[in-house]
Amino acid sequence: MAVRVLVVDDSGFFRRRIVDILNADPALEVVGTAANGQEAIDQTLALKPDVITMDIEMPVMDGITAVRRIMARQPVPILMFSSLTFEGARATLDALEAGAVDFLPKRFEDIAREQQEAKDVLCRRVRNIARRGRVGRTPTPPAAPPGTATRPAPGAGVRTRPEPAPAARPEGERAPALNLRDFRVVLIGTSTGGPLALQKVLAQLPARFPLPLLMVQHMPASFTPAFAQRLDQLCAIRVREAQDGDALEPGLALLAPGGQQMQVESRGGRSRVRITEATPDQHYRPCVDVTFNSAAAAFRGDALAIVLTGMGADGREGARLLKRCGSTVWAQNEDTCVVYGMPAAVVDAGLADRVLPLEQIGKILAEAC
């Protein structure tokens, strides 16, 4: 059965463009359109779509208000269209907090270099978030933004049935208490669903958290400054966008800048991040594997790596290298993921030492302080 889509945008030209692209995919069917947030609510209640694409700035009722009211009355996976500006980033983060699942840049040139590739990205994203809605989970706010000018890694997708990891401790089984003295750094990688997931984990950490944190969230360059600012305001620990040469400090979380790569090096007992330009062959910018690989060289077995909700398999190969060096790897469980792609890749490869619900991850870290 085709995925039923409602397209919401105040621009008639943009609505027609999205309708034509989605209807060209045999797995998708546009069942209605709306020109403002109030119409979106009315059409949602009447048509019961599987997915909604939503603009942010509209007359009568803006997209953020519409998302909030739709999620309160009839939750549906919602894909936001956003401008790649600092203010656009803040508005999009507001929409994600209101309950939207994912977003894409409104200018297709910002999605991909070729028009057909941009169309494919849009259709694939709609299909994937529809799958999330159809597995019957309770909708949870946000979603994570994709990287800029990137292509999904092979095998990207969403699993609908849980498959326990061979090496992972079964969920609910009592595990030895975490000792943070065993580690020198906490690494976190995430994508779709990541903004809220990161917020939930970091908000539980005390200001005195004894380790530095390095975070990689698939996100465009214009979004990471606003996202880092938001996390810093909401959390007791310090959070900022990483800059080249930043020292790793206890209680400081550094967020990889969008559109670039973040690596870490350790010399003479001092650790610093290095921010470099992404190469054309790197699908994700920033890339979890790039950061994890560098951490394996810098910290060997002294890293705790955590892979959260996200589409694709970024982080699996970095986790594999970290495990070979003796580091510890955790993965978020399927039930609490917006998209069970990245954690599933780690779990299925037998690399996860623990598979945990999202709300337990920050709690365990905090209790170990």
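Read on for a plain summary of the structure. (Residues numbered from 1 in each chain as written. Predicted model: local features only at pLDDT ≥ 70, side-chain atom pairs only at ≥ 80, totals over all residues. Heavy atoms only, no water.)

The next thing to look at is the pairing of strand β9 (residues 252-255). Side chains L252 and L254 of β9 all project onto a buried face; the interleaved residues A253 and L255 project onto the opposite face, where all are buried too. Relative to β9, strand β7 (residues 213-217) is paired through 3 bridges, and the arrangement is parallel. The residue bridging M215 from the neighbouring strand is L255, located in β9. Here strand β8 (residues 238-241) runs beside β9; their pairing, made up of 4 bridges, is parallel. Following the sheet pairing, R240 is matched in β9 by L254. (Buried < 20%, exposed > 50% of the residue type's maximum accessible area, 1.4 Å probe, protein only. Helix = DSSP H or I, 4+ residues; strand = E, 2+ residues; numbered from the N terminus. Pairing = 2+ DSSP bridges.)

Further remarks concern the packing of aromatic side chains. Centre-to-centre distance and the angle between the planes together describe a pair of aromatic rings. Counted according to the given criterion, the structure contains 2 aromatic pairs. Measuring from centroid to centroid gives 5.2 Å for F14 and F81, while their planes differ by 85°, and the two rings are edge-to-face. With F14 in helix α1 (residues 12-23) and F81 in strand β4 (residues 78-82), this pair connects stretches of sequence that are 67 residues apart. Comparing F14 with F81 shows no difference in burial state: the two are buried. On the numbers, 4.6 Å between centres and 5° between planes, the contact of F103 with F223 is stacked. Of this pair, F103 sits in strand β5 (residues 102-105) while F223 sits in the loop between β7 and α7 (224-234); the two residues are 120 residues apart in sequence, bridging distant segments of the chain. Since its relative accessible area comes to 0%, F103 is described here as buried. A cation over an aromatic ring shows up here: K106 above the ring of F14, its NZ or CZ 4.9 Å from the ring centre. (Phe/Tyr/Trp six-rings, centres within 6.5 Å; stacked < 30°, edge-to-face > 60°. Lys NZ or Arg CZ within 6 Å of the ring centre and 35° of its normal.)

Glancing now at the sheet that holds β4. Across a sheet, paired strands are connected by hydrogen bonds in the backbone, their directions being either parallel or antiparallel. With parallel pairing, the 5 strands of this open sheet are ordered in space as β2-β1-β3-β4-β5. Edge positions in the open sheet fall to β2 (28-34) and β5, since each of these has one partner strand only. Shown here is a sheet whose adjacent strand axes are inclined to one another by a mean of 25°, direction ignored. The sheet contacts of α1 involve β1 (3-8), β2, β3 (51-55) and β4, and relative to β2 the element is tilted by about 165°. (Axes fitted to C-alpha atoms, helices over the stretch in contact; angles between N-to-C directions. Contact = heavy atoms within 4.5 Å.)

Time to look at the pattern of salt bridges. Tallied over the entire structure, the rule returns 15 salt bridges. Where D246 meets R240, a salt bridge forms, and the shortest distance between an N and an O atom there is 3.7 Å. Taking the relative accessible area as the measure of exposure, D246 reaches 11% and is therefore buried. Judged by its relative accessible area of 34%, R240 is partly exposed. Where R267 meets E265, a salt bridge forms, and the shortest distance between an N and an O atom there is 3.9 Å. By relative accessible area, which is 63% here, R267 ends up exposed. A relative accessible area of 23% means that E265 is categorised as partly exposed. Linked through salt bridges whose partners overlap, the residues forming this network are D244, E265, R267 and R274. (Salt bridge = Lys/Arg side-chain N within 4 Å of Asp/Glu carboxyl O.)

Moving on, we come to unusual backbone geometry. Cis geometry is found at the peptide bond from R285 to P286, where omega equals 15°. Structurally, the position occupied by P286 is in the loop between β11 (270-277) and α8 (288-299). The phi angle at V60 is positive, at roughly 70°, despite the residue not being glycine. Here V60 lies in the loop between β3 and α3 (63-73). Of note in the backbone geometry, R300 takes a positive phi value of approximately 50° without being a glycine.

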